[in-house]
Amino acid sequence: MNALHAHPRTALSLALVRGIGQIMLQGNGWTGLLFLLGLLVGNWQVAVGTLIGAAVGTLNAYALRFDVQGITNGLYGFSPALVGAAAVFFFGLNLPAVVLGVVGAAVAAWLQRTLAQRKVAAYTLPFVVVAWVVHVVGVYGLGLAGAADVRPLVDLPVGAWAALFNGIGQVIFQGAPVAGVLFVIGLAVAGAVSAAAGVLGALIGILLAILTGQAQADIALGLFGYNSALAAITLAGQPARTAWAAVCWVVVAAVVAFILHLFFRQFTGMAMLGGVLTLPFVVAVWVVAGLRRVVNA
């Protein structure tokens, strides 16, 4: 904790932006800043929610003296950041949504650490669970209405490519292609492999959605790309015996994430909870991890 106490503002600021970068498994401050820029351009209200969530999660980890390496690397900021983003995405930028986001972010940070202590590779599972509770409490407990649409600060001409970048932007609730473009640039700053894997994963999700006849509006918004993109990025960051093996596992993870996305969204209760969120990504990575153990045995 010495570094955090000696230079608290610098250390905590770095941890905060790294926490935003860790939403896509990148512990890079510049990546986090580019993600934040994408959010500000795509939907500034969600950007505020994301910042609040990341700050609450990071400060909570610091106050409760979580492990210093985890704090510095932003590991207690990404699920809280997503909870803050979700609260604003669900209900808009207002006092009840902010309160739900703050409380939810603190709980998500605690849950992230609890699962890590039990050696559970939770990824964004704390976000999923807490965001579901936030949605249920907001809708059925407080009677909050859905958020109004917010136009992006920068509009780009929409073409066939828009679904691809929306597929990456939807990781943080962005349906504006310009946000997805900035997210890809942020990934590329951390590493070309991560950026390529994210684009490939989103593309696989979109192509499978087209082949299986999913709704064109949902495809255009990128709703079938983000779980596959996250799964692909995660597998790209794991060691493999050969480069071809690495590519194969990335593709398998993206396909499994898409299949699970279709599976989970069939449950009628998902709408009440706020959607499948990133649950397909989490379960897909678990499934592929099991497959890799079998293949490599």
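Please read these numbers as outputs of a predicted model, since none were measured by experiment. (Residues numbered from 1 in each chain as written. Predicted model: local features only at pLDDT ≥ 70, side-chain atom pairs only at ≥ 80, totals over all residues. Heavy atoms only, no water.)

## Description of the UniProt feature "transmembrane region" (unreviewed entry) in the protein chain
Now for step 1: UniProt marks residues 33–62, 82–111, 123–148, 160–185, 192–213, 219–236, 243–264 and 270–291 with the feature "transmembrane region" (unreviewed entry), using the numbering shown here.
Now for step 2: Secondary structure content for residues 219–236 is 72% helix and 0% strand, while the C-alpha to C-alpha distance between its ends is 24 Å.
Now for step 3: Taken end to end, residues 270–291 has its terminal C-alpha atoms 27 Å apart, with 77% of it in helix and 0% in strand. (UniProt positions renumbered as here; feature names shortened; annotations may be inferred. Helix = DSSP H or I, 4+ residues; strand = E, 2+ residues; numbered from the N terminus.)

## Describing the pattern of salt bridges
A pair can form between side chains of opposite charge whenever their charged atoms are brought close.
Now for step 1: The tally for this structure, following the rule as stated, stands at 1 salt bridge.
Now for step 2: Across the salt bridge formed by Arg265 and Asp218, the nearest N and O atoms sit 3.6 Å from each other. Of the two residues, Arg265 is situated in helix H14 (residues 243–265) and Asp218 in helix H12 (residues 216–220); the sequence distance between them amounts to 47 residues.
Now for step 3: Using a relative accessible area of 34% as the deciding quantity, one classes Arg265 as partly exposed. (Salt bridge = Lys/Arg side-chain N within 4 Å of Asp/Glu carboxyl O. Buried < 20%, exposed > 50% of the residue type's maximum accessible area, 1.4 Å probe, protein only.)

## Section: the nonpolar core
Now for step 1: Counting 78 residues, the largest nonpolar core has Ile23, Met24, Phe127, Ile172, Leu277 and Leu279 as its most contacted members.
Now for step 2: For this core, the domains that each give at least three residues are domain 1 (3–142) and domain 2 (160–296).
Now for step 3: In this structure, Ala15, Ala61, Phe66 and Tyr76 belong to the second largest nonpolar core, which totals 5 residues. (Core = buried A, V, L, I, M, F, W, Y, C linked by side-chain atoms within 4.5 Å. Domains from an automatic or database assignment.)

## Quick look at the packing of helix H11 (residues 192–211) against helix H13 (residues 226–236)
Now for step 1: As a packed pair, H11 and H13 sit with axes 7 Å apart at the nearest point and diverge in direction by 145°. Of the two possible hands of crossing, H11 and H13 adopt the one that is right-handed. Residue-level contacts link Val193, Ser194, Ala197, Gly198, Gly201, Ala202 and Gly205 of H11 to Ser228, Ala229, Ala232, Ile233 and Ala236 of H13.
Now for step 2: Residue classes in the contact of H11 with H13 are distributed as 7 nonpolar, 5 polar and no charged. (Axes fitted to C-alpha atoms, helices over the stretch in contact; angles between N-to-C directions. Left-handed = near helix turned anticlockwise from the far one by under 90°. Contact = heavy atoms within 4.5 Å. Nonpolar A, V, L, I, M, F, W, Y, C, P; charged D, E, K, R; others polar.)

## Some points on the packing of aromatic side chains
Now for step 1: By the definition in use, this model includes 10 aromatic pairs.
Now for step 2: On the basis of an interplanar angle of 55° and a centroid distance of 6.2 Å, the ring pair of Phe89 and Phe90 is categorised as tilted.
Now for step 3: Taking relative accessible area as the criterion, Phe90 reaches 9% and is therefore assigned buried.
Now for step 4: Measuring from ring centre to ring centre gives 5.2 Å for Phe263 and Phe267, while their planes differ by 85°; the resulting arrangement is edge-to-face.
Now for step 5: You can call Phe263 partly exposed: its relative accessible area is 46%.
Now for step 6: Accessibility expressed as a relative area gives 43% for Phe267, which makes it partly exposed.
Now for step 7: Members of the aromatic cluster, connected to one another through ring pairs, are Phe89, Phe90, Phe91, Phe127 and Phe173. (Phe/Tyr/Trp six-rings, centres within 6.5 Å; stacked < 30°, edge-to-face > 60°.)

## Things to note about the packing of H13 against H14
Now for step 1: Across the interface, H13 lies against H14 with an axial gap of 8 Å and an inter-helix angle of 150°. Relative to H14, H13 is oriented roughly antiparallel. Note that H13 runs across H14; the crossing there is right-handed. Of H14, the residues touching H13 (which contributes Tyr226, Asn227, Ser228, Ala231, Ala232, Leu235 and Ala236) are Trp249, Val250, Ala253, Ala254, Ala257, Phe258 and His261.
Now for step 2: Class assignment for the residues of the contact of H13 with H14 results in 11 nonpolar, 3 polar and no charged. (Parallel < 35°, antiparallel > 145°, perpendicular 65-115°, else oblique.)

## A short note on the environment of Ala284
Now for step 1: Residue position: Ala284 is located in helix H16 (residues 279–296).
Now for step 2: Sequence separation of Ala284 and Val251 is 33 residues, and the distance between their C-alpha atoms is 12 Å.
Now for step 3: When residues no more than four places from it in sequence are discounted, the contact partners of Ala284 are Ala253, Val256, Ala257 and Leu260.

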